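What follows is the residue order along each chain.
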Amino acid sequence: MSGHEFQSYFPESGSVDMTDTSTNIDETTMAELRELAGRYPQSRSALLPMLHLVQSVDGRVSPAGIEACAEVLGITTAQVSGVATFYTMYRRRPGGKHHVGVCTTALCAVMGGDALLETVEAKLGIHPDEITPDGTFSLERLECNAACDFAPVMMVNWEFMDNMTPAKAEGLLEDLAAGREVQASRGATITSWREAERVLAGFPDGRADEGPSAGEASLLGKGIADAEGWAAPQPEGSVL
Ligand code: FES
């Protein structure tokens, strides 16, 4: 075979680590899982936020967390595992205090994403899907984050770090390691991956409005349309 081959990449494609039975899930967590289940007309619709809550408590989707979700929703552990292992935002191994993602999909790669990932790997001394010995950082190679207009992008605890360079990435990691305040490009001040997971579970920390929600690059087309007086044509038959 000659030339370049397409390489697919499926991080952590194994199943949940059933050998690590440690858990922090207690009665408070169980009550919050039940609260989440009660927010939906069909309780099993709550499974995704419930798994985020499990991650915020256990640092991963733990076997105990899977059992807790199954118990609260009245479904099987196999059904919970099937969902937990389908989506890449659910971790099968413990994450670091800060979970760092580097996008290396096409546009970010063209703009330097691979060099960015190499820099982060060298700086942290780990490869994707690994965690630093002190537990401060875990690393993930990300597929497109739908932030191509700010390529190359990194994420820290799911917050965007736009228009990154290797030098900016090194400074960012040094600030996080030193506990200095770090502001996302279009989001809140960085706290920790577990705290971010709790917000994703549906327990807001009151900081959702910190930082700009949209950047200049995303709004450029709208600005041109406004200046030119352009508007989308109404669909045929529309009464608007
Ligand atoms: S390719 Fe990286 S955000 Fe789209």
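Thresholds, definitions, all that
- Residues numbered from 1 in each chain as written.
- Predicted model: local features only at pLDDT ≥ 70, side-chain atom pairs only at ≥ 80, totals over all residues.
- Buried ≥ 20, exposed ≤ 12 C-beta atoms within 10 Å, placed from the backbone.
- Helix = DSSP H or I, 4+ residues; strand = E, 2+ residues; numbered from the N terminus.
- Pairing = 2+ DSSP bridges.
- Axes fitted to C-alpha atoms, helices over the stretch in contact; angles between N-to-C directions.
- Domains from an automatic or database assignment.
- Core = buried A, V, L, I, M, F, W, Y, C linked by C-beta atoms within 7 Å.
- Contact = placed C-beta atoms within 7 Å.
- Left-handed = near helix turned anticlockwise from the far one by under 90°.
- Nonpolar A, V, L, I, M, F, W, Y, C, P; charged D, E, K, R; others polar.
- Parallel < 35°, antiparallel > 145°, perpendicular 65-115°, else oblique.
- pLDDT = per-residue confidence, 0-100.

> Explain the pairing of strand β2 (residues 137-142) to me, please; I cannot follow it from the model alone.
Taken residue by residue, a regular strand's side chains alternate between the two faces of the sheet. Counting buried positions along β2 yields five of six residues, so the element is predominantly enclosed. Sheet topology places strand β1 (residues 98-103) next to β2; six bridges connect them, and they run parallel. Its bridge partner being in β2, G101 is matched across the sheet by E140.

> What should I look at first to understand the sheet that holds strand β3 (residues 154-156) in this one?
The strands making up a sheet associate through hydrogen bonds between their backbones, and the pairing can be parallel or antiparallel. With respect to topology, four strands assemble into an open sheet ordered β2-β1-β3-β4, the strand pairing being mixed. The sheet terminates laterally at β2 and β4 (159-161), the two strands that pair on one side only. If you compare each strand with its neighbour and ignore which way they point, the axes differ by 25 degrees on average.

> Even after reading the chapter, I still don't get the domain arrangement of the chain, so can you show me in this structure?
Interface size is often expressed as the accessible area that is lost when the parts come together. Per the domain assignment, the segments making up the chain are domain 1 (27-84) and domain 2 (98-193). Computed from C-alpha coordinates alone, the two centres of domain 1 and domain 2 are separated by 28 Å.

> What should I look at first to understand the environment of N157 in this one?
Checked against the element boundaries, N157 lands in the loop between β3 and β4. Looking at N157, the number of C-beta atoms within 10 Å reads 25, which means it is buried.

> I would appreciate a short explanation of the nonpolar core in the present structure.
Nonpolar side chains tend toward joint burial in soluble globular proteins. Ranked by size, the top nonpolar core spans 24 residues in total, and within it V102, V120, V153 and M154 carry the most contacts. Of all the secondary structure elements, the ones that give two or more residues to this core are β1, α6 (113-124), β2, β3, β4 and α7 (166-178). A per-element tally of this core places α7 first, with four residues. If near-sequence neighbours (up to four positions away) are discounted, M154 is found in contact with V100, G101, V102, L116, M161, M164 and A169. One finds A37, L51, V54 and L73 within the second-largest nonpolar core, a separate group that totals 20 residues.

> Explanation requested: unusual backbone geometry in the structure shown.
Residues apart from glycine generally show negative phi values, whereas peptide bonds are mostly found in trans. Following A151, the chain continues into P152 via a peptide bond in cis, with omega recorded as -5 degrees. Phi at N157 takes a positive value of approximately 50 degrees, unusual for a residue other than glycine. A positive phi angle is found at W158, which is not glycine, with a value near 75 degrees. You can see W158 is positioned in the loop between β3 and β4.

> Mind showing me how you'd approach the packing of helix α2 (residues 47-58) against helix α3 (residues 63-73) here?
A pair of packed helices can be characterised by two numbers: the angle between their axes and the separation between those axes. The geometry of α2 relative to α3 is characterised by a closest axis approach of 10 Å and an angle of 145 degrees between their N-to-C directions. At the point where α2 passes α3, the crossing takes the right-handed sense. Where α2 abuts α3, its residues L47, M50, L51, V54 and D58 lie against G65, C69 and L73. Class assignment of the residues belonging to the contact of α2 with α3 gives a composition of six nonpolar, one polar and one charged.

> Would you mind showing me how to read the packing of α2 against helix α8 (residues 193-201) here?
Contact geometry of α2 with α8 gives a least axis separation of 8 Å together with a crossing angle of 160 degrees. What the angle tells us is that α2 and α8 run roughly antiparallel. Viewed along their axes, α2 and α8 form a crossing whose handedness is left-handed. In this structure, α2 contributes P49, H52, L53, Q55 and S56 to the contact, and α8 contributes R194, E197, R198, L200 and A201.

> What am I meant to see in the confidence of the model for the chain here?
Note: predicted coordinates in regions of low pLDDT should not be interpreted at a detailed level. The predicted model of the chain has a mean per-residue pLDDT of 90, with 92% of residues at 70 or higher. Under a pLDDT of 50 for its full length, residues 8-13 has, in the predicted model, nine contacts with residues more than four places off or in other chains.

> Sorry, what's going on with α8 here?
Since the α-helix packs 3.6 residues into each turn, any two residues three or four apart lie on the same face. Among the residues making up α8, those that are buried are W193, A196, E197, R198 and A201. Buried residues in α8 make contact with α1 (27-37), α2 and β1. The positive-phi residue at the C-terminal boundary of α8 is G202, with phi of around 110 degrees.

> What exactly am I supposed to notice about the pairing of β1 here?
Of all six residues in β1, six are buried; the element is thus mostly enclosed. In β1, alternate side chains face the same way, and those of H98, V100 and V102 on one face and H99, G101 and C103 on the other are all buried. Both β1 and β3 contribute to a ladder of three bridges, which runs antiparallel. Along β3, the bridge assignment pairs G101 with M155.

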